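# Commentary on secondary and tertiary structure
Listed below, chain by chain, are the residues.
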Amino acid sequence: MRKTKKKKSRSLKNFLINILLLFAVSFICVIIIEGGLRIILNDSITIRTKYHDTYVYTFNPDQINQKYNSPDHDLPFVYTTTKEGWLGPQFEYDQKINKTKRVLVIGDSFTSQLNLKSYDHIFSELVESQLTDTDVVTIGVGSYAFDNEYKIFENELEKYNPDLVIFATFINDLYDTTRNNVFILNNNTLKDITPRQIPLIRKALFLCRQKSYLCNMLTNNIIIKHANKLNKITNFLKISDIKRDVSLQYKIWGMPDELFLENLTNVPTTIKTAHTKTDLILSKIKKISKTKNLTVVFMLIPIKEQIDSRKKSEFFNKYPKLDSINFNFSKPYNTIKKMLINKKFTIINLEPLFIEKNKNNSHYFEIDGHWNEKGHELAAEVLKQYLLSKGFE
């Protein structure tokens, strides 16, 4: 009997030792892999954002000359952020006293410094440098959509007191209103769910992504990349609240394939939700602009496949089974444009001029889909001419 107890005790002890050894070896392996990634990737996947209870997320505030580099981007760059979490040098609310007029530009990554060597090369900052009596305030965060941008418009309007507001609108803004969840639909009305209570498990995952390259890579390649397959699991664990009934086979800016398809017979619920939420948010922007007697302009930004025939051909060569006749790169752009026209907003339509001036994808990066310096310069020229026509100097 004693021998049996000793044998069980020894077996349990060996089992626990083996478990501890397994954890120890695993921990050492993780440390080695993490160290290797830091050496090989050279700070290429640092997380630049933090959760925000109203805007969902902003850049990490008070960053000075931070290096950012990624294999998904053409060029490394160095960036600085304000105490509020916006890109660029600190800008005070009362700085307008030095000039007569002010323009507030709100947007996503096209309105941030992505891939540009200097913050001064953003189209809105180029415009400010060419005007003598107008301040241009730029607020742009990657993956912001109509909902995030509306919250900035609502909360920052009184502080900055602009004479004109420009929304720099990219085509993925339409779908991203279903991802950021600033608002939820309730009987075809918008219910504001800010300030958001971020689940603890999501905060922990985000912190892990900020501190660990390995965790960041695993998250990007499992939870984000395979979100369709992991939808039920990630929603149950409250890691993600993105519910999709759409196809993401072609991975165009994270947008559903259905947004580009002509003659779509069965429109997915997610697409319908995106359209409804966008329409309602635009109505809210219109209402505030009328109340404040404020001019609001939407500058529509096309994707490079709309502009450049080579890039369009490369895409269809990559997916030879895709019906190129039924797949329209301009469809999301035209959908947003139609909504804006119905709301009687002023539109700066960049597509025709970018097509006219294009020479072999001359205004976009080759790897990344954003504007290069020439693209920002062309957009700046268009915006400057518009502002001059409205009496800005």
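See the structure printed just above.
Report follows, based on the coordinates. (Residues numbered from 1 in each chain as written. Predicted model: local features only at pLDDT ≥ 70, side-chain atom pairs only at ≥ 80, totals over all residues. Heavy atoms only, no water.)

### Points about the overall build of the chain
- Assigned secondary structure in the chain consists of 13 helices and 11 strands.
- In the chain, buried positions account for 49% of the 393 residues.
- Partitioning the contacts of the chain with sequence separation of at least 6, the portion at a separation of at least 24 is 71%.
- If you sum the accessible surface of the chain, you get close to 20,300 Å²; carbon and sulfur atoms cover 55% of it. (Helix = DSSP H or I, 4+ residues; strand = E, 2+ residues; numbered from the N terminus. Buried < 20%, exposed > 50% of the residue type's maximum accessible area, 1.4 Å probe, protein only. Contact = heavy atoms within 4.5 Å. Areas by Shrake-Rupley, 256 points an atom, 1.4 Å probe, with all protein chains shown as cover.)

### A short note on the packing of helix α2 (residues 123-130) against helix α13 (residues 373-389)
- Interhelical geometry of α2 versus α13 gives an angle of 50 degrees and a closest axis separation of 8 Å. By the angle between their axes, α2 is oblique relative to α13. Where α2 crosses over α13, the two elements pack in a sense that is right-handed. Along the contact surface, α2 presents F123, L126, V127 and Q130, while α13 presents H376, E377, A379, A380, E381, L383, K384 and L387. (Axes fitted to C-alpha atoms, helices over the stretch in contact; angles between N-to-C directions. Parallel < 35°, antiparallel > 145°, perpendicular 65-115°, else oblique. Left-handed = near helix turned anticlockwise from the far one by under 90°.)

### Regarding the sheet that holds strand β5 (residues 101-107)
- In spatial order, the strands read β6-β5-β7-β10-β11; together these 5 strands make up an open sheet with parallel pairing. The two strands at the open ends of the sheet, each matched to only one other strand, are β6 (134-140) and β11 (346-349). With strand direction ignored, the average angle separating the axes of adjacent strands in the sheet is 20 degrees.
- By the bridge criterion, 4 bridges tie strand β10 (residues 295-301) to β11 in an arrangement that is parallel. Bridge pairing in β11 places M299 opposite I348.
- Against the sheet, α2 contacts β5, β6, β7 (164-170) and β10, and its axis sits at roughly 170 degrees relative to β6. (Pairing = 2+ DSSP bridges.)

### Focus: the pairing of β7
- With 7 of 7 residues buried, β7 lies mostly within the body of the structure.
- Of the two faces of β7, both are covered, the one formed by L164, I166, A168 and F170 as well as the one formed by V165, F167 and T169.
- Of the pairings in the sheet, the one linking β5 to β7 comprises 5 bridges and is parallel in character. What sits directly across from V105, in β7, is I166.
- Direction of pairing for β7 relative to β10: parallel, over a ladder of 7 bridges.

### Structural notes on the nonpolar core
- With 88 residues, the main nonpolar core has F123, F153, I285 and W371 as its most contacted residues.
- Those residues in contact with F123 that sit more than four places away from it in its chain are V105, F110, T111, A168, M299, W371, H376, A379, A380 and L383. (Core = buried A, V, L, I, M, F, W, Y, C linked by side-chain atoms within 4.5 Å.)

### With respect to the side chain of K311
- Considering the arrangement of structural elements, one finds K311 in helix α10 (residues 309-318).
- Side-chain polar atoms of K311 contact the side chain of E366, separated by 3.0 Å.
- When sequence neighbours within four positions are dropped, the list of residues in contact with K311 reads K304, E305, N361 and E366. (Polar contact = N/O pair within 3.5 Å; in protein donor to acceptor, adjacent residues only side chain to side chain.)

### Quick look at α13
- Compared with an ideal rise of 1.5 Å per residue, which puts 17 residues at 24 Å, α13 spans 24 Å between its outermost C-alpha atoms and is within 8% of the ideal.
- Of all the residues in α13, the buried ones are G375, H376, L378, A379, A380, L383, K384, Y386 and L387.
- Buried-residue contacts for α13 involve β5, α2, β7, β10, β11 and α12 (351-357).
- Of the residues that open α13, the one with a side-chain oxygen 3.1 Å from the backbone nitrogen of K374 is N372.
- Directly beyond the C-terminal end of α13, a positive phi value near 90 degrees is found at G391. (Expected span 1.5 Å × (residues − 1).)

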